[in-house]
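Chain residues, written in single-letter form:
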Amino acid sequence: MNQTLKNAISNRKNDFVILVVLLLLPMLFKAINFEYAFTIISFIFIYIVAVSGLDIVFGYSGQISLGHAAFFAIGAYGSAILHKYVHIPVVLTMIIAAFLAAIIGAALAYPASKLVFHFLSLATIAFGEIVYQLVAQSPYEITGNFTGFFTESVNLFGIKLNTYNKFYYFGLLCVVIFLTIKNNLIKSKVGRAFIAIRENSHAADGMGINVRNYKILAFSISAFFTAFAGGMYAHCVRFISPDTFMYKQSVMFLTMLLFGGTASRFGPIFGAVSVLILNEALRATEKYQLLIYGVLLLIVIVGLPGGLYGAFQDIMAKFKKKGAK
């Protein structure tokens, strides 16, 4: 049995153990009467899906985006509006809104694919601001503008997931599906093309990779992930307002990704968990949260360039070397 196959089997075993633990966690929370944990973990699941989408465009294809809050908003408002006015079931509206965001993402990426570095980031910031203004001052107040917008919870087979306890398993299912899609995508020909473009777009172009098309595809897939997470958020909280989709939300997505580690299987998970726990711990210092995030982000970038997951891998590798001796 070669080393690659051994690693694959080991990864499958680890994934299975983690999944079993997550399935059993609700029993533990109920036993110790820690119901608030369901709220935190439900948000963690939402952010894992959103940050995994950002990882595809930023971590794997090397495109800087500071406007992913816009796709988050498109998913949230798109799903809520479709359900309210067209009366389509919630899960379907989430998927439709995510596809709409993917189309918009492709339309944005087509002219922006020629941009690099800070020019691309400025373009995505501008896009995020446009979407924010649209939901804050919509035609005929279709989004509720600054007042906000109430919506329904997810309804699966007649069961309303109108509490965080019930939403937990739906969120876990979404995380498993989207991480599986991402993992298979990265291992495919498309994923290898993304990585080649990230490493050297000119060399990738010389090898016959259509750089522009793959950049557009990466942005489109990323938008789908983040928009679906936006739909999850809308129907989990059941109320959305423009304040949730400001520029700082895009900063939070990027912070989570850099904290956890880019271009990795578990980076978005480590990032979402660590930043949300920090967010809870720093709730009393709300005015200084962005400042604290900035300082911590600098520390991570300088001291842990691979993020928390990269540091975890290094520690585990050292333990394995010691065990081998």
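Rules used throughout
- Residues numbered from 1 in each chain as written.
- Predicted model: local features only at pLDDT ≥ 70, side-chain atom pairs only at ≥ 80, totals over all residues.
- Heavy atoms only, no water.
- Helix = DSSP H or I, 4+ residues; strand = E, 2+ residues; numbered from the N terminus.
- Rg over C-alpha atoms; globule rule 2.2 N^0.38 Å.
- Buried < 20%, exposed > 50% of the residue type's maximum accessible area, 1.4 Å probe, protein only.
- Contact = heavy atoms within 4.5 Å.
- Core = buried A, V, L, I, M, F, W, Y, C linked by side-chain atoms within 4.5 Å.
- 1 Å grid on protein atoms, 1.4 Å probe; cavity = no way out; pocket = protein on both sides within 12 Å on 5 of 7 lines; lining within 4 Å.
- Points joined across faces, edges and corners; volume = space filled by probe spheres on them.
- Nonpolar A, V, L, I, M, F, W, Y, C, P; charged D, E, K, R; others polar.
- Salt bridge = Lys/Arg side-chain N within 4 Å of Asp/Glu carboxyl O.
- Patch = residues over 30% accessible without salt bridge, like charges linked within 9 Å, V, L, I, M, F, W, Y side chains within 5 Å.
- Areas by Shrake-Rupley, 256 points an atom, 1.4 Å probe, with all protein chains shown as cover.
- Axes fitted to C-alpha atoms, helices over the stretch in contact; angles between N-to-C directions.
- Parallel < 35°, antiparallel > 145°, perpendicular 65-115°, else oblique.
- Left-handed = near helix turned anticlockwise from the far one by under 90°.
- Expected span 1.5 Å × (residues − 1).

For the protein, the count of helices and strands is 13 helices and four strands. Computed over C-alpha atoms, the radius of gyration of the protein comes to 20 Å, within 12% of the 20 Å expected from 2.2 N^0.38 for 325 residues, which places it in the range of a compact globule. If one aligns the C-alpha atoms of the protein with their principal axes, the spans along those axes are about 65 × 55 × 40 Å. Counting over 325 residues, the protein shows a buried share of 47%. If you take every contact in the protein between residues at least 6 apart in sequence, the share linking residues at least 24 apart comes to 76%.

In this structure, Ile-46 and Ile-240 are the most contacted members of the largest nonpolar core, which totals 88 residues. Considering every element that reaches this core, the biggest residue donor is helix α2 (residues 36–60), with 17 residues. Ignoring anything within four residues of it in the chain, the contact list for Ile-46 reads Phe-72, Phe-167, Ala-229, Met-232, Tyr-233 and Cys-236.

A few words on the side chain of Gln-249. On the secondary structure map, Gln-249 appears in helix α10 (residues 247–260). You can call Gln-249 buried: its relative accessible area is 8%.

Next up on the list: the layout of surface pockets. A water-sized probe, rolled over the atoms, reveals where empty space remains. Considering only enclosed or pocket space, the second largest pocket measures out at about 730 Å³ in volume. Forming the walls of the second largest pocket are 22 residues, and the residues nearest its centre are Tyr-47, Met-252, Asn-279, Arg-283 and Gln-289. For the lining of the second largest pocket, the secondary-structure elements that each account for two or more residues are α2, α10, α11 (267–281) and α12 (289–303). A class-by-class count of the residues in the lining of the second largest pocket yields eleven nonpolar, five polar and six charged.

This part takes up the pattern of salt bridges. Scanning the entire structure with this criterion turns up three salt bridges. Here Lys-182 and Asp-55 are joined by a salt bridge, their closest N and O atoms 2.7 Å apart. With a gap of 127 residues between them, Lys-182 in helix α6 (residues 164–187) and Asp-55 in helix α2 connect regions that are remote in the sequence. With a relative accessible area of 3%, Lys-182 lands in the buried category. One salt bridge in this structure joins Arg-198 and Glu-199, with 2.7 Å as the shortest N-O distance. Residue Arg-198 is classed as partly exposed on the basis of its relative accessible area of 31%. When its relative accessible area of 55% is taken as the criterion, Glu-199 is described as exposed.

Here the focus is a nonpolar patch on the surface. A cluster of nonpolar side chains, Phe-16, Val-17, Leu-19, Val-20, Val-21, Leu-23, Leu-24, Met-27, Tyr-169 and Val-176, forms an exposed patch at the surface whose accessible area comes to about 870 Å². Of all the secondary-structure elements, those providing two or more residues to the nonpolar patch are α1 (3–31) and α6. With eight residues, α1 is the largest single contributor of residues to the nonpolar patch. Its place among the elements puts Leu-23 in helix α1.

The next thing to look at is the environment of Ile-277. Mapped onto the elements of the fold, Ile-277 is located in helix α11. Taking C-alpha positions, Ile-277 is 27 Å from Phe-149, a pair spaced 128 residues apart along the chain.

Let's shift gears to the packing of α2 against α6. Contact pair α2 / α6: the axes reach a minimum separation of 8 Å and the direction vectors enclose 15 degrees. Taken together, the axes of α2 and α6 lie roughly parallel to each other. In the crossing of α2 with α6, the sense of the turn from one axis to the other is left-handed. Across the contact of α2 with α6, the residue classes tally to 19 nonpolar, five polar and two charged.

Following the sequence through the fold, Lys-320 ends up in helix α13 (residues 307–324). With relative accessibility at 63%, the residue Lys-320 sits in the exposed group. Through-space distance from the C-alpha of Lys-320 to that of Leu-290 is 38 Å; in sequence the pair is 30 residues apart.

Phi at Phe-157 takes a positive value of approximately 55 degrees, unusual for a residue other than glycine. Secondary-structure assignment places Phe-157 in the loop between β2 (155–156) and β3 (159–160). With relative accessibility at 82%, the residue Phe-157 sits in the exposed group. Residue Ala-263 is not a glycine yet carries a positive backbone phi of 50 degrees. Secondary-structure assignment places Ala-263 in the loop between α10 and α11.

With 27 residues, helix α9 (residues 211–237) ought to run about 39 Å at 1.5 Å a step, and its terminal C-alpha atoms sit 39 Å apart, in line with that. The element α9 is extensively covered by neighbouring structure, given that 23 of its 27 residues are classed as buried. Immediately downstream of α9, the backbone of Arg-238 shows phi near 70 degrees, a positive value.

Given a rise of 1.5 Å per residue, 19 residues ought to cover 27 Å, and the 26 Å separating the end C-alpha atoms of helix α3 (residues 68–86) matches this to within 8%. Within α3, 14 of the 19 residues are buried, which leaves the element mostly enclosed by the surrounding structure.

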